[in-house]
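Fold and geometry: a report
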Amino acid sequence: MSKPSDLANKVIKMDEVPEDFRYRLRTWRHTLGLNQSEAAQILGCERSYLSQLEGKRKPGKGVWIRFENEWAKFVAQRNQSLSGLNSGKGSPNLRIYQE
């Protein structure tokens, strides 16, 4: 998979949007405890558009890139929390905070 910074520097064809986009979008939002309005604000779109994205609508280039950047931060923070648990450090209560 491309790094988020790579996505911004290439021409994106909409058939390249990953099949799991809707699942990852919903997982990100629910895990962070965000409602659709809060998630839409982070991604720079309307709540109704986010709702459609969680349905079957494909994202536009800007929202897709912003989401991939947020997803990369989410995964990095989660992996860091999990590695702390595996080394005996950290809390079993995983919390991910927004910057």
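See the structure above.
A quick note: this is a predicted structure, and the numbers were derived from the prediction, not measured.

Let's shift gears to the overall build of the protein. Along its length, the protein carries five helices and zero strands. Reading the protein from its N end, one meets helices and strands in the order α-α-α-α-α. For the protein, the proportion of contacts with a sequence separation of at least 24, taken over those separated by at least 6, is 55%. For the protein, the accessible surface area stands at approximately 6,600 Å², while carbon and sulfur atoms represent 48% of it.

What follows concerns the pattern of salt bridges. The final tally for this structure, using the stated rule, is four salt bridges. For Arg 24, the salt bridge identified is with Asp 20, shortest N-O distance 3.2 Å. For Arg 24, a relative accessible area of 3% translates into the label buried. Overall, Asp 20 belongs to the partly exposed group, its relative accessible area being 35%. Connected through shared salt-bridge partners, Asp 20, Arg 24 and Glu 68 make up one network.

Here we come to helix α3 (residues 36-43). Helical geometry: 3.6 residues make up each α-helical turn, so side chains three or four residues apart lie on a common side. Considered for burial, the residues of α3 that qualify are Gln 36, Ala 39, Ala 40 and Leu 43. Viewed end-on, α3 has its buried residues packed into an arc of 100°, placing them on one side of the element. The N-capping residue of α3, defined by a side-chain oxygen 3.0 Å from the backbone nitrogen of Ser 37, is Asn 35. Positive backbone phi, approximately 70°, marks Gly 44, located one or two places after α3.

So, about the nonpolar core. Counting residues in each nonpolar core, the largest one holds 17 residues, and the members touching the most others are Phe 21, Leu 25, Trp 28, Leu 43, Cys 45, Leu 50 and Phe 67. Residue assignment for this core shows that the elements contributing at least two residues are α2 (21-31), α3, α4 (47-54) and α5 (61-86). No other element matches α5, which puts five residues into this core. With sequence-adjacent residues up to four places away left out, Leu 43 is seen in contact with Leu 25, Trp 28, Leu 50, Val 63, Arg 66, Phe 67 and Glu 70.

Below, the discussion takes up α4. Looking only at α4, the buried set comprises Tyr 49, Leu 50, Leu 53 and Glu 54. Buried residues of α4 fall within an arc of 140° about the axis and therefore sit on the same side.

What follows concerns the packing of α2 against α3. At a minimum axis distance of 10 Å, the contact between α2 and α3 shows a crossing angle of 110°. Relative to α3, α2 is oriented roughly perpendicular. In this structure, α2 crosses over α3, and the sense of that crossing is right-handed. Residues Leu 25, Trp 28 and Arg 29 of α2 touch α3, and the partners they reach there are Gln 36, Ala 39, Ile 42 and Leu 43. A class-by-class count of the residues in the contact of α2 with α3 yields five nonpolar, one polar and one charged.

Analysis parameters
- Residues numbered from 1 in each chain as written.
- Predicted model: local features only at pLDDT ≥ 70, side-chain atom pairs only at ≥ 80, totals over all residues.
- Heavy atoms only, no water.
- Helix = DSSP H or I, 4+ residues; strand = E, 2+ residues; numbered from the N terminus.
- Contact = heavy atoms within 4.5 Å.
- Areas by Shrake-Rupley, 256 points an atom, 1.4 Å probe, with all protein chains shown as cover.
- Salt bridge = Lys/Arg side-chain N within 4 Å of Asp/Glu carboxyl O.
- Buried < 20%, exposed > 50% of the residue type's maximum accessible area, 1.4 Å probe, protein only.
- Arc of directions from axis to C-beta.
- Polar contact = N/O pair within 3.5 Å; in protein donor to acceptor, adjacent residues only side chain to side chain.
- Core = buried A, V, L, I, M, F, W, Y, C linked by side-chain atoms within 4.5 Å.
- Axes fitted to C-alpha atoms, helices over the stretch in contact; angles between N-to-C directions.
- Parallel < 35°, antiparallel > 145°, perpendicular 65-115°, else oblique.
- Left-handed = near helix turned anticlockwise from the far one by under 90°.
- Nonpolar A, V, L, I, M, F, W, Y, C, P; charged D, E, K, R; others polar.

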